[in-house]
Amino acid sequence: MHGNSTLEKDPLFALMFGKAKAAVGDKVEKGCRKCHNPMWQPDTDTQVASAEGVTCVVCHEVTDDHPKSTLASGEAAAFDSKRAPDGAAQALCLSCHAVRKTGKGIDICVTGAENQHAGDAMCVNCHMPLSDGPPSMGSKATQHRAHTVPGGHVASWVAGAAELSLEVDAVANEIVATIKPGALGHSLPTGNPMRHIILDLVATDAAGNELWRNRPKGDPLLKQRESVFIRAFLNGEGKGPVPPFASSGEPDDNRLKNATPHELRYPLPKGSAHLSATLVYRLAGDALLEEAKAPAHWRKPVEMGRVELEL
């Protein structure tokens, strides 16, 4: 997955990189590329490495002349100090995933801070689990860490990240939808700030006629804010979402927290006979996916849960 992080292989990154460069200039080259294109250097002799993304060398070779330090430093080191003081695997992950800021000092990527609040969770525990067998020929080890490193682009991985339940509170006459994230080492979703999760809830009568839905069709992404889980960057007027480079002030963050149930309540419409709830994950909004000419499987929402309830 990391090998596809480049401008050449990730159309969403390429789109947003272009927008950021047009808005703030060439300084985004270093800021963005040092993680997305870590082997890239700003001269004609080495730009051929641009399309390689995060390769084996990025994590497994640490030398004085290496184009990118693969050990955490600065804020990343502070996040990492309690977990991997010897510069172990967690430091490698956090060197890119800990924290990134805009030119205005607003945090873009905050997975490191989220991980710090998630107890002793190590990135490799989930994203590089131990597998049977030696890591290489000739090794006497009986286990190795898998290197597929699944994440936000792997539908089967994301689909199992949360549980959805649905019930009716007869006393309060309310619909109760509960979302429980798994025991993750970060918020859900994390990483790319365009990612979001949506809860769609529909009530119908005995004849199947729609009586109510929590998110009317065609609504802007944040119109029904309580049911869209995203770290939304806002402009100077407090409206959004806007790209990180166009943001002002702290983002509006209502993402799902590690292993913490999140409950939403709605009045039960009179005459309701059937309730349907669906929880989906998306890499970005429809307009951005269309503009980026993203592949079809990126545009398809990932279903994380569906519950039907007869009343």
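The residue numbers shown here count from 1 along each chain, following its written sequence. Only residues with pLDDT of at least 70 are given local features in this predicted model, and only at 80 or more are side-chain atom pairs given and counted; all residues enter the totals for whole chains, interfaces and linings. Working from all heavy atoms in the structure, the side-chain values ignore hydrogens and water.

### Some remarks on the overall build of the chain
Line of reasoning, step 1. Put simply, DSSP marks the helices as runs of H or I at least four residues long and the strands as runs of E at least two long, and each gets a number from the N terminus on. From N to C terminus, the chain includes 10 helices and 14 strands.
Line of reasoning, step 2. Relative accessibility under 20% of the residue-type maximum defines a buried residue, over 50% an exposed one, and the middle range a partly exposed one, all with a 1.4 Å probe and only protein chains included. Relative to its full complement of 311 residues, the chain shows a buried share of 42%.
Line of reasoning, step 3. In this analysis, two residues are considered to be in contact whenever any of their non-hydrogen atoms come within 4.5 Å of each other. Considering only intrachain contacts with a sequence separation of at least 6, the fraction spanning at least 24 residues in the chain is 60%.
Line of reasoning, step 4. Note on areas: Shrake-Rupley, 1.4 Å probe, and residue coverage restricted to the protein chains presented here. With an accessible surface of roughly 16,400 Å², the chain has 55% of that area assigned to carbon and sulfur atoms.

### With respect to empty space enclosed by the protein
Line of reasoning, step 1. Only protein atoms enter the 1 Å grid used here. Points where a 1.4 Å probe fits but cannot escape make up a cavity, open sets with protein on both sides within 12 Å along at least five of seven lines make up a pocket, and a residue lines them when an atom lies within 4 Å of a point. Grid points are joined across faces, edges and corners, and a volume is the space filled by probe spheres set on the points. Counted according to the given criterion, the structure contains 1 cavity of 30 Å³ or more.
Line of reasoning, step 2. Of the volumes computed, that of the largest cavity is approximately 80 Å³.
Line of reasoning, step 3. For the largest cavity, the lining is made up of 13 residues, of which Thr 190, Gly 191, Pro 193, Arg 231 and Arg 255 are closest to its centre.
Line of reasoning, step 4. Every element with two or more residues in the lining of the largest cavity is listed here: β2 (107–109) and α6 (111–116).

### A few points about the environment of Phe 233
Line of reasoning, step 1. Structurally, Phe 233 can be placed in the loop between β10 (231–232) and β11 (252–253).
Line of reasoning, step 2. Linking Phe 233 and Met 194, residues 39 residues apart in sequence, is a C-alpha distance of 9.5 Å.
Line of reasoning, step 3. Once residues lying within four places of it in the same chain are set aside, the contact partners of Phe 233 are Ile 106, Asp 107, Ile 108, Pro 193, Lys 239, Gly 240, Pro 241, Val 242, Pro 243, Pro 244, Ser 247 and Pro 251.

### Some thoughts on the sheet that holds strand β6 (residues 174–181)
Line of reasoning, step 1. Here the rule is simple: two strands pair whenever DSSP picks up at least two bridges between them. The strand order across the open sheet formed by 3 strands is β5-β6-β12, and the pairing between neighbours is antiparallel. Only two strands of the sheet have a single partner each, and these edge strands are β5 (162–169) and β12 (262–267). For this sheet, the mean inter-axis angle between neighbouring strands, taken without regard to orientation, is 15 degrees.
Line of reasoning, step 2. Inspection of the sheet shows β6 paired to β12 by 6 bridges, in the antiparallel sense. Residue pairing in the sheet places Ile 175 in a bridge with Tyr 266 of β12. A fitted line through C-alpha atoms serves as each axis, taken over the contacting stretch for helices, and the angle formed by two N-to-C directions is quoted from 0 to 180°.

### What to know about the packing of aromatic side chains
What describes a pair of aromatic rings is the distance from one ring centre to the other and the angle between the planes of the rings.
Line of reasoning, step 1. To pair, rings of Phe, Tyr and Trp, with the six-membered ring standing in for Trp, must have centres within 6.5 Å; the planes then decide the type, stacked if under 30 degrees apart, edge-to-face if over 60, and tilted in the middle. Taken as a whole and assessed by the stated rule, the structure comprises 2 aromatic pairs.
Line of reasoning, step 2. Ring plane angle 55 degrees and centroid distance 5.3 Å describe the contact between Trp 212 and Tyr 266, whose orientation is recorded as tilted. In this pair, Trp 212 is assigned in strand β8 (residues 210–213) and Tyr 266 in strand β12, connecting sequence segments 54 residues apart.

### Some remarks on helix α1 (residues 11–24)
Line of reasoning, step 1. Take the residue count of a helix, subtract one, and multiply by 1.5 Å to get its expected span. For α1, built from 14 residues, the straight-helix expectation of 20 Å at 1.5 Å per residue is met to within 8% by its first-to-last C-alpha distance of 20 Å.
Line of reasoning, step 2. For α1, the full list of buried residues reads Pro 11, Leu 12, Phe 13, Leu 15, Met 16, Phe 17 and Ala 20.
Line of reasoning, step 3. Each element contacted by the buried residues of α1 is listed here: α2 (28–36), α9 (286–291) and α10 (296–299).
Line of reasoning, step 4. Of the residues that open α1, the one with a side-chain oxygen 3.1 Å from the backbone nitrogen of Leu 12 is Asp 10. Any N or O atom pair separated by 3.5 Å or less is treated as a polar contact, with the protein-specific requirement of one donor-capable and one acceptor-capable atom, and with residues adjacent in sequence counted only for side-chain atom pairs.

### Regarding the pairing of β5
Line of reasoning, step 1. As judged from the 8 bridges shared by β5 and β6, these two strands associate in the antiparallel manner. Residue Leu 166 lies in a different strand from β6, and its bridge partner there is Ala 177.

### Section: the pattern of salt bridges
Oppositely charged side chains can pair when the atoms bearing their charge come close.
Line of reasoning, step 1. Each reported salt bridge corresponds to a side-chain nitrogen of Lys or Arg within 4 Å of a carboxyl oxygen of Asp or Glu. Under the defined criterion, the tally for this structure stands at 16 salt bridges.
Line of reasoning, step 2. We note a salt bridge from Arg 215 to Asp 200, for which the minimum N-O separation is 3.4 Å. Linking Arg 215 in the loop between β8 and β9 (228–229) with Asp 200 in strand β7 (residues 196–204), this pair joins segments that are 15 residues apart in sequence.
Line of reasoning, step 3. For Asp 200, a relative accessible area of 23% puts it in the partly exposed group.
Line of reasoning, step 4. Beyond isolated ion pairs, a larger network of salt bridges with shared partners links Glu 114, Arg 231, Asp 253, Arg 255 and Lys 257.

### Brief notes about the pairing of β6
Remember that side chains alternate between the two faces of the sheet whenever the strand is regular.
Line of reasoning, step 1. Across the 8 residues of β6, 6 count as buried, placing the element largely inside the fold.
Line of reasoning, step 2. In textbook terms, the turn of a hairpin is the stretch between consecutive antiparallel strands, and for β5 and β6 this stretch comprises 4 residues, one of which, Asn 173, has a positive phi near 55 degrees.

### Quick notes on the confidence of the model for the chain
Line of reasoning, step 1. Summary statistics for the chain give a mean pLDDT of 82 and a share of 83% for residues scoring 70 or more.
Line of reasoning, step 2. Low pLDDT, under 50, characterises residues 63–83; the predicted model gives this stretch 44 contacts beyond four residues in sequence or across chains. Residue-level confidence of the predictor, termed pLDDT, takes values from 0 up to 100.

### Points about the environment of Trp 212
Line of reasoning, step 1. Given a relative accessible area of 23%, Trp 212 falls into the partly exposed group.
Line of reasoning, step 2. Between the alpha carbons of Trp 212 and Ser 272 there is a distance of 9.0 Å; along the sequence they are 60 residues apart.
Line of reasoning, step 3. Those residues in contact with Trp 212 that lie beyond four places of it in its chain are Ile 175, Leu 201, Val 202, Ala 203, Tyr 266 and Pro 269.

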